[in-house]
Amino acid sequence: MKHITLEEAQSLPRWRRPETLLFVMAIAMPLAFSTWLALLENFIIERAGFNGSHNGWLHSVREVPGFLAFSVIFILAFVREQSLALISLGLLGIATAATAFFPDVGWILFITFFSSIGFHFYETVNQSLQLQWLSKESAPQKLAWMVSVGSGASLFAYGLVWLTWGRLGLGFNGYYMMGGGLCAVIALACWFLYPRFEAPTPQRRELVLRKRYWLYYALQFMAGARRQIFVVFAAFMMVEKFNLGVEDKTGLLMITLLTNMFVAPVLGQIVKRFGERNTLVIEYIGLICVFLAYGGLFWFGWGVLIACALYVIDHIFFALAFALKTYFQKIADPADIAPTAAVAFTINHIAAVFLPAALGYLWLVSPDAVFIMAACMAGVSLALALLIPRHPRPGRETILSRPVSTLAE
């Protein structure tokens, strides 16, 4: 496969340029992942007999590859980033297609682990490629558009399930094979249709941990811990507490994705205009309120409509998380992007390995306490976000940073 520089790529037809490949991959990944997500709770409860503890263990197993994301650096000594992204995307698709072959706990844990390798390794490398291939000036807006495009792909997956569930006789297995298969086919097509793009700055091929990135690491850790509570327990609550069926849950996800499609470009403008610090402060204050309101579902007996509204609002605030990417892009040595993306993904998943399983047991006793913990985590994130400078840059990574004459540690 031909290798070309990003500058040379600008002479290619628009559909073969690096930015277009990022958008195509942003479409492919949700076709598999969103199909998996749309059916997951109903599948594991109705077909595999999962309880809250089983669900916690499922997500702990799923997050192990995220914790091992640092190993991407060693793989990149043998495989190019773009190639690894497409291989990982293909693995995600194939494993998703096989999810419902055997509806028992052992198989689901096994195949989820392999789909998670594809998902997390793809996400790690994709984040690195985004920050290398997009300019600092255009990154906030283009990342926001990628969120919007990914939301559109998820909407397609959810809409297909919502419109045809029970009408085509496909069952869980048929839908998983369809969503995963489409993802795998797109990854294969991208492998042959796109040249290999050379980033302007060669990436270091060893693990990088720098003191000056400490705030970015801390924010990543808290984001990972907080996200797990939402991903694992918010949707599970919708099925367990409010008895949402496949059509109901998929309809809720469609509303969420439609909202994100229209809101994401606006969020990109917000980051560009108001900066990463103010954007993240807004996100964390909003998440504190949302998680406390989740607790209110149990304290005050609020109904399913309020629960669904909170779910949609929750997604809007989480969409602001790409401000963390652009914050790192502004403070990073360009050669650190790939190794730091891998390290940050591992840091993001430290809590994810044990937190779902541990909180699964707490869920059996006090579900509202799980969401109170999430609100506390958002509070810690808020305190950390206040340390981001208004205009972050190398040497000015936090408001506590002292002027430095070199980037070396």
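This is a predicted model, so every value here is computed, not measured. (Residues numbered from 1 in each chain as written. Predicted model: local features only at pLDDT ≥ 70, side-chain atom pairs only at ≥ 80, totals over all residues. Heavy atoms only, no water.)

Engineer: How should I be thinking about the environment of Tyr176 in this particular structure?
Structural biologist: Along the chain, the position of Tyr176 falls in helix α8 (residues 171-193). Residue Tyr176 is classed as buried on the basis of its relative accessible area of 0%. The contacts of Tyr176, once residues within four sequence positions are left out, are Thr35, Trp36, Leu39, Leu40, Phe43, Thr96, Ala97, Thr99, Ala100 and Gly181. (Helix = DSSP H or I, 4+ residues; strand = E, 2+ residues; numbered from the N terminus. Buried < 20%, exposed > 50% of the residue type's maximum accessible area, 1.4 Å probe, protein only. Contact = heavy atoms within 4.5 Å.)

Engineer: I keep staring at the state of the cysteines and nothing clicks. Help me out?
Structural biologist: Formally, a disulfide is one covalent bond, and it connects the sulfur atom of one cysteine to the sulfur atom of another. A full pass over the atoms with the stated rule returns 0 disulfides. No disulfide involves Cys190; its nearest neighbouring cysteine sulfur is the one of Cys183, lying 9.7 Å away. Assessed through its relative accessible area of 3%, Cys190 is described here as buried. Between Cys308, a free cysteine, and Cys289, which holds the nearest cysteine sulfur, the sulfur-to-sulfur gap is 20 Å. Residue class for Cys308 comes out buried when judged on its relative accessible area of 18%. (Disulfide = S-S within 2.5 Å.)

Engineer: What's the story with the nonpolar core in this structure? I'm lost.
Structural biologist: What tends to happen in soluble globular proteins is that the nonpolar side chains get buried as a cluster. Counting 126 residues, the largest nonpolar core has Met25, Phe197, Phe291, Tyr294 and Tyr311 as the members making the most contacts within it. Looking at which element gives the most residues to this core, the answer is helix α10 (residues 246-299), with 17 residues. Look past the residues within four positions of Met25 in its chain and what remains in contact with it is Pro30, Ala85, Leu86, Leu89, Tyr122, Asn126 and Leu129. (Core = buried A, V, L, I, M, F, W, Y, C linked by side-chain atoms within 4.5 Å.)

Engineer: Looking at this model, I keep getting lost on the packing of α10 against helix α15 (residues 367-385). Mind explaining?
Structural biologist: The relative placement of two packed helices is expressed as an angle between their axes plus a distance between the axes. It is at 8 Å that the axes of α10 and α15 come closest, and there the two elements cross at 165°. By the angle between their directions, the pair α10 and α15 is classed as roughly antiparallel. Where α10 crosses over α15, the handedness of that crossing is left-handed. In terms of residue class, the contact of α10 with α15 is built from 19 nonpolar, 3 polar and 2 charged. (Axes fitted to C-alpha atoms, helices over the stretch in contact; angles between N-to-C directions. Parallel < 35°, antiparallel > 145°, perpendicular 65-115°, else oblique. Left-handed = near helix turned anticlockwise from the far one by under 90°. Nonpolar A, V, L, I, M, F, W, Y, C, P; charged D, E, K, R; others polar.)

Engineer: Which parts of the structure should I look at to understand the packing of aromatic side chains?
Structural biologist: Ring pairs (aromatic) are described by centroid distance and by the angle formed between their planes. As enumerated under the stated definition, the model contains 21 aromatic pairs in all. Summarising the aromatic geometry, the rings of Tyr216 and Phe328 are spaced 4.6 Å apart at their centres and angled 20° between planes, so their arrangement reads as stacked. Of this pair, Tyr216 sits in helix α9 (residues 214-240) while Phe328 sits in helix α12 (residues 322-331), placing them 112 residues apart in sequence. In terms of burial, Tyr216 and Phe328 fall into one category: buried. (Phe/Tyr/Trp six-rings, centres within 6.5 Å; stacked < 30°, edge-to-face > 60°.)

Engineer: Teacher, can you tell me more about helix α14 (residues 350-365) here?
Structural biologist: Along α14, the largest kink reaches about 30° and is centred on Pro356. Burial in α14 covers these residues: Ala351, Ala352, Leu355, Pro356, Ala357, Leu359, Gly360 and Trp363. (Bend = angle between axes of the 7 residues up to and from the residue.)

Engineer: For this particular structure, what's the right way to read the pattern of salt bridges?
Structural biologist: A pair can form between side chains of opposite charge whenever their charged atoms are brought close. What the rule picks out here adds up to 5 salt bridges. The salt bridge involving Arg210 is made with Asp336; its shortest N-O contact spans 2.7 Å. Of this pair, Arg210 sits in the loop between β2 (196-198) and α9 while Asp336 sits in the loop between α12 and α13 (337-348); the two residues are 126 residues apart in sequence, bridging distant segments of the chain. Summarising the burial analysis for this pair, Arg210 and Asp336 share the class buried. (Salt bridge = Lys/Arg side-chain N within 4 Å of Asp/Glu carboxyl O.)

By themselves, these figures tell us nothing about what the structure is for.
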